[in-house]
Amino acid sequence: MHGEASHKRAPQASTLVAKVEWRGMRVPFRRRYVTAQGQAAARYSLLVSLHTQDGITGLGEAAEIETAGGAAGLRGLAALLRECAPRFLGLPLAEVPAVARATLAPVASATLENEAAAKALRFALETASYNATGKALGRPLAALLGAEPRPLAVNALIGSESPPEAARLAAEAVAQGFRSLKLKLAGHDRDLDVAILEAVRSAVGPTVKLRVDANQAWSVGEAIEAIALLQRFQLEYVEQPVAGADLLGLAQVRRSVSVPIAADEAVGSLADARLVLQAAAADVLVVKAARVGGLVESLAILRLAEERGLPAVVTSSLETGIGLAASLHLAMAGRPGGPASGLATGLLLESDLLAQPLLPVAGLLTVPRGPGLGVALDEAALARYGTDVGGAVAA
Ligand SMILES: [Mg+2]
């Protein structure tokens, strides 16, 4: 018996991909989700599995960013994956992220929707490979990113609602233990936005942090005027007041107001994040793994923000529990004690598809124990929310 453990063979992390499988899901929001960009009744997402030759399965998720995609977006994601899936067969897990990046890059130049889909899919494939590698090594995904699991403060997310509804949801979130709330603004109706902030601030009191997201709704002039009106509600920050591509405009808004400005849609890659910093366009960087194309790219943005002394906020793209868990592991690599992360979004969906839902307790999210993502799917939920979109490619 003596010394037996040391002679045990290490689990193989370089195990080869034998099958790529995908399954489209449609999960309704608990209440219609409204932002300045539109509204949605459900979230569509593609669950992506990499099966290895030695029987390990890694899961990832691609939910197209924002609400535009819908059922057609889901079919687009599936078609894109069907096209590139053969490239991953026979590959060692460790090579999946680089091949995903190379394979899904040409699409990135076609159209904006395609670029969003390609990046979301890269995130899914990368998550699946890290998840499987974590399982093979018996280590949590966070550890593969060089991070230690710890409880993470998260904000509650409230869609653009009527003032009384927003106030009710805000009070409910605070009663559940949230200390930070994010409100989606109407954007097009300044009086309504003031009324929402007024109702929410008086409902939650002065100490709860309030951040707002305009989702690119304003021109530079409108943004400066609106933020001047909203600043009396002591905002933690205003997210993406103007178009993501308008870095000079964003910088101009930032110079003209006293409320901190966060860049979200402007951060589509590490290169974009560098440009945002170069333009002095933001006080806070929002990092979405689906938007930037994966965990590795996100990690680089977190490191860049840290170097420059800017807070970074890891947020979801309203994925179900698979994508959320991946972003939660990623957030462990961020600097502790920063602003709350935007990962409480599982609460918005009817189901997060997990056997053990990944939901915050008292405003904190905890990384599930166990190797890889540490989560398992709920088969009953998969049957309930499944769509006719699905397929597989095997060696
Ligand atoms: Mg945003």
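For the structure, check the block above.
Here the structure is a predicted model, which means the values were calculated and not measured.

Which residues make up the sheet that holds strand β11 (residues 312-315), and what values go with them?
Sheet strands pair via backbone hydrogen bonds, and the direction of the pair is either parallel or antiparallel. One open sheet holds the seven strands; their spatial order is β5-β6-β7-β8-β9-β10-β11, and the pairing between them is parallel. With partners counted over all chains shown, the strands left at the sheet margins are β5 (156-158) and β11, one partner each. Each strand of the sheet is rotated relative to its neighbour by a mean of 25°, with strand direction disregarded. Where strand β10 (residues 284-288) lies against β11, four bridges are found, and the strand directions are parallel. Paired with lysine 288 across the strands is threonine 315, a residue of β11.

Describe the packing of helix α6 (residues 163-175) against helix α7 (residues 190-204), listing the residues and the values that go with them.
Contact geometry for α6 and α7: axes closest at 8 Å, N-to-C directions at 30°. For α6 against α7, the interelement crossing comes out right-handed. Residue-level contacts link Pro163, Ala166, Ala167, Ala170, Ala171 and Val174 of α6 to Leu192, Ala195, Ile196, Ala199, Val200, Ala203 and Val204 of α7. By residue class, the composition of the contact of α6 with α7 is 13 nonpolar, no polar and no charged.

Residue-level account of the coordination of the magnesium ion, with values.
Within the first shell, the magnesium ion binds the protein through Asp213 (OD), Glu239 (OE) and Asp264 (OD), at distances of 2.1 to 2.2 Å. Each donor residue of the magnesium ion belongs to the same chain, with the gaps between them written as D-x25-E-x24-D. Of this pair, aspartate 213 sits in strand β7 (residues 209-213) while glutamate 239 sits in strand β8 (residues 235-239), and the two are 26 residues apart along the sequence. Take aspartate 213: its relative accessible area is 0%, and that puts it in the buried class.

How would you sum up the pattern of salt bridges? Please name residues and give values.
On inspection of all chains with the given rule, the structure shows 16 salt bridges. As a salt-bridge pair, lysine 182 and glutamate 239 come within 3.0 Å of each other at their nearest N and O atoms. Pair noted here: lysine 182 is in strand β6 (residues 180-184) and glutamate 239 is in strand β8, with a separation of 57 residues, a long-range link. Judged by its relative accessible area of 1%, glutamate 239 is buried. Two residues, lysine 184 and aspartate 213, come together in a salt bridge whose shortest N-O distance is 2.8 Å. Taken together, the residues lysine 184 in strand β6 and aspartate 213 in strand β7 connect sequence positions 29 residues apart. Each member of the pair lysine 184 and aspartate 213 is classed as buried. Among the ionic contacts, a cluster of salt bridges with common partners joins Arg31, Glu161, Glu165, Arg168 and Glu172.

About the cut-offs
Residues numbered from 1 in each chain as written. Predicted model: local features only at pLDDT ≥ 70, side-chain atom pairs only at ≥ 80, totals over all residues. Heavy atoms only, no water. Pairing = 2+ DSSP bridges. Helix = DSSP H or I, 4+ residues; strand = E, 2+ residues; numbered from the N terminus. Axes fitted to C-alpha atoms, helices over the stretch in contact; angles between N-to-C directions. Left-handed = near helix turned anticlockwise from the far one by under 90°. Contact = heavy atoms within 4.5 Å. Nonpolar A, V, L, I, M, F, W, Y, C, P; charged D, E, K, R; others polar. Donors = N, O, S within 2.8 Å, 3.2 Å for Na, K, Ca; no water. Buried < 20%, exposed > 50% of the residue type's maximum accessible area, 1.4 Å probe, protein only. Salt bridge = Lys/Arg side-chain N within 4 Å of Asp/Glu carboxyl O.

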